Every structure is written in C-alpha cells, then in structure tokens.
Amino acid sequence: MAHRDRHGPHDDGGEVPAAVADPFRGGWADTRTRLPPLSGAACAAKRRSALSERFPGERIVVPSGGPKVRSNDFDYAFRPHSAFVHLTAEQGTRAVPDSVLVLEPTGSGHSATLFTRPRSPRDGGPNGAEFHSDRRHGEFWTGRRRTLAETEQALGVEAAARHGLERALTGDVPTRVVRGEDPLVDALVPPSPGAEAELLTFLAESRLVKDEWEIDQLRAAVGATVAGFHDVAGELPHAMSLARGERWIEGTFNRRARLEGHGLGFETIAAAGAHACVLHWMRNDGPVREGDLLLLDAGVEADSFYTGDVTRTLPAGGRFTDVQRRVHDLVFAAQSAGIAALRPGARYGDFHAAAMRVIAEGLDSWGLRPAGRTAWDSGLGPGPDPASGADSGPGSGSGSFPDPDLYRRYTVCGSGHMLGLDCHDCAGARGGTYTDGVLEAGHVLTVEPGLYFQPDDLTVPEELRGIGVRIEDDFVITADGALCLSAGLPRGADETEAWMASL
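Quick look at the structure, then. Quantities reported herein were computed from a predicted structural model and do not represent experimental measurements.

**Here's the deal with the overall build of the chain**
Thinking step 1. Of regular secondary structure, the chain possesses 15 helices and 17 strands.
Thinking step 2. Relative to its full complement of 503 residues, the chain shows a buried share of 51%.
Thinking step 3. Here the analysis covers contacts within the chain between residues at least 6 apart in sequence; of these, 71% occur between residues at least 24 apart.
Thinking step 4. Carbon and sulfur atoms provide 52% of the accessible area of the chain, an area that totals close to 22300 Å².

**Topic: the sheet that holds strand 16 (residues 473-477)**
Consider a sheet: its strands pair through backbone hydrogen bonds, and that pairing is either parallel or antiparallel.
Thinking step 1. Pairing in this open sheet of three strands is antiparallel, and the strands run 13-16-17 from one edge to the other. Each edge of the open sheet is held by one strand with a lone partner, namely strand 13 (444-447) and strand 17 (482-484). With strand direction ignored, the average angle separating the axes of adjacent strands in the sheet is 35°.
Thinking step 2. When strand 16 meets strand 17, the two strands line up antiparallel, connected through three bridges. Paired with isoleucine 477 across the bridge in strand 17 is alanine 482.

**Some points on the packing of helix 12 (residues 322-340) against helix 15 (residues 493-502)**
Angle between the axes and distance between the axes are the two parameters that describe a pair of packed helices.
Thinking step 1. The interhelical angle for the contact between helix 12 and helix 15, taken along N-to-C directions, is 120°, at an axis separation of 10 Å. Judged by residue contacts, Arg325, His328 and Asp329 of helix 12 engage Ala493, Asp494 and Glu497 from helix 15.

**Quick word on the sheet that holds strand 1 (residues 59-63)**
Thinking step 1. Ordered by their spatial adjacency, five strands build an open sheet running 6-5-4-1-7, and the pairing between neighbours is mixed. Among the strands making up the open sheet, the edge pair consists of strand 6 (158-161) and strand 7 (175-177). Looking at each pair of strands side by side, their axes are set apart by 25° on average, direction ignored.
Thinking step 2. Sitting on the sheet, helix 2 (residues 41-54) is in contact with strand 1, strand 4 (100-106) and strand 5 (109-116), with an inclination near 50° to strand 4.
Thinking step 3. Seen against the sheet, helix 6 (residues 148-155) touches strand 5 and strand 6 and runs at an angle of roughly 150° to strand 6.

Calculation criteria
- Residues numbered from 1 in each chain as written.
- Predicted model: local features only at pLDDT ≥ 70, side-chain atom pairs only at ≥ 80, totals over all residues.
- Heavy atoms only, no water.
- Helix = DSSP H or I, 4+ residues; strand = E, 2+ residues; numbered from the N terminus.
- Buried < 20%, exposed > 50% of the residue type's maximum accessible area, 1.4 Å probe, protein only.
- Contact = heavy atoms within 4.5 Å.
- Areas by Shrake-Rupley, 256 points an atom, 1.4 Å probe, with all protein chains shown as cover.
- Pairing = 2+ DSSP bridges.
- Axes fitted to C-alpha atoms, helices over the stretch in contact; angles between N-to-C directions.

In structure tokens form, the structure reads like this:
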C-alpha cells in the first residue's frame, strides 16, 4: 500500500542526516500561485462578525482538530471540526490538520488569524527537510499544502504559521475555546466549563438557519446523494449474486460520494432483509436475496462538508410483496403527513407528531396494540384541540397525537433532524431554539419515519417479522412551505417499482 522510508520518517522535526538530506537540496521550481477566494469565504466572514458581536472583548479559539490514527502509522482521512468549517469555509482536501482560528479582541471587535501549517519549505531552514522526511506532514508524503499567502487569498483571513500559536494564546485576555480538539490549545488555556459550553451552544445555534450559499451546498450534496441511489438501483441484480451483496451496495454508493464530493457524510447503511430492523446497520456484510427489502440510508458530503441524508427501502427483486407493500404504504403515508406539516411558524415537533398519528392509527387498524392498549388510551384524545387554533390536519394541536412511547417498540426513534455540516446538525443547540422551537425559513431538515419489526418479536404476526422500512427526504423551509431537495427519487411503492423496472 505504501513504502516506508528506509531511513525512517522524521516526524519529530529532528535533524536529518546529511546523506539523507543532500539529494533533496536545490533545483526546485517556484510554484507559488495566486488563488481566487473560495465561494463561501464572504459568508464565513459574516459568521465571524456575528461571533465577534456575541463575545466582545474575549479571545475566541476554534481549532480544526488533528489527524486521528487508524492503525500504527496510518491516519484516517482528515475532516475538520464543523464549527471551524462554518467560520472559515474551508474546503475538502485543502483543509489542513492542526489549524486553529483565533479571534483576538480589538477596540472595535476582533481580528481573525488562522494559525496553520504552511507549505513544506524547501529552503534548508529549520524545517527544510520536512517535505521529504516527515511522513505525517511532508509534501512528498501527504501532498502540497497552500502557502500562507495562498491561504489568505483563498479564505480571506490573515494566516500565520502554527508555531506562533503559543505566543498568540498568552496574555491576560478572557478566552473561550472549543476544547478537546487540539492538545496544545487545551494545555495553554485553563478550562472554563461554563464559558466553553456557552460558546459551543452559540456555534451550534448559529448554524440553524442556513444562508443561500449553504443551501446551494446542500442542494449539491443531496443531488449527488440522489445520483448514488440511482447507481445502487442499477447494481441490485449484481449485488444479489454475491455472498456479501450489502458490501457491493455500500461500495457502489461510496464510489459516487468520492467522485462528486469529499466522501460520505456518515457511514453508509446498506441493510437487506432483517438487517433493516437495525437502525444504524453499518456492518454491511450480509447477502441481498430475492424477496428481500434493501434499506439504504446514505449521504454524500460535498467538498464544502455539507451533507445529504436520504433513505429508501427498495424491493431487491423489483416488486414488493403484499405484506412489504402494506408496511411501505403506511410509512409513506406517515412521511406524507409529516411533510404536510412543514411550514415556517410551525412547531419543530409538528411533523413528527403528524407522522406518529398516522403510524399509530395504522398499527391500531392492524390490531397491533402494545400492552393491549390502543393509540388513544393514553388519554390525549382522538383529535386536535380546538382551543389551540391550529390547523385540524394530522399532528396539529397540542392534543392531536398519541403517546409516542406506546409505539416505540416498532418505531424506536424520532422522525427527523436538522441537516447541514453534520448529518445530525446543530446538536448542541438549546431545546428552545431547536427541538422545542419553531421552524423558520432557511432551516434544513429531514423527515424520516420508519417501522421496524424485529425478526424475534412475538408481539407481531409472523409475516411482519424481519421487515424494516424507512423513507427519508431532505427539505429546506421556505417563506411559505418546504422544498424537497431529494425530489429526484420516487417515494411511493408504485413509483419505486416503475423506477426500478426502468433501470
């Protein structure tokens, strides 16, 4: 896979023997260039301004994080911290591990400096052998980094060499850091749990409403995700011929993710048969058999690090059985009710309530009543609360849905989440601004109800056991409703079968 330098990698920055260094001295062309600003740089500058206004007079430190060891001397592919990305608009493979954004307070706000590793020097200076001898950071080992000037041009922020970070973090200035991402930062700045928690909350909540540039990035990520689903549908016949067909499905989607984006937003879930009843099935080591359902939950992460998140449950052989269709139709109806509840000003929980009402009524009609109770035995009543003044549609009104815990055995989790730089975006936001808040134009979220009948669940008829169905789409809240970003895929059973037949 890779060759080791027989002299050993000099990761400690120590002196390289002359016999090793001499062949690399001199004779290098000047490849410095001028880079255009990245497309998101202006939006990132506005976000830094908002951060400056929120914490006047305080130093703010946001690291990118560093490489993480996979095994021995190999690292995982680097992915910077989402708050760092949001504040810099850094892109894909250009991101440099161990970078640190520092906002230093001034009389009128903050000055921003990005401390980072510049391009490996070739001038014989203190780090002059890095480019050929340092396995983790050398250009011959990991590729060319931007010069400091190129970084300033691309990101629109002052850049400085990382070795100046220690001096920058000295002085009696109130400092808030994103802790746990950079050991040097953690060592230099004394912990302040309350202040740091407040910073993390602000950074999460500042990502709740997406600007137009972010929505464009999400369109691209979801578009590539939809293309990956088309790839998978076309490969199903071959996957069914393999002992580990789930791996073929995983690889098919992952190839699209690497072709059109930075990679995966999360590990692909390719769950065939009863594996679909495992919410986060990522082993993907099973067969895909004739008559199975394949639950594919996957997302492409764009070069900007924004990700799609889409799920479809496909009949491997191209057609649903009667019982599979019955489950799929109920989940489809639940998702449709959830989608209908998306609008600015609606409570965030309304779409989940709407979907759960449909699920509960459907399971009641099938006679699936946990502990012998119906959906409405919880005392919440069979319909919307007229006093609420809300729309009388499914899920509206404070008393219009059953106790979700009653059916948790078959649904397990909620029906959606915010989407953005993280698949489960803005997780550090306060309940009042997220789960207990209201939808606003610019929110991007998923709607993904599901039903999961475990293969050993004796409370359901045998014909249902081992069936898992989830349907998930990505939506941006608009001024008057919601726009589906993943509309390029069919949702209903008939449309799904017709689509698969066309391939």
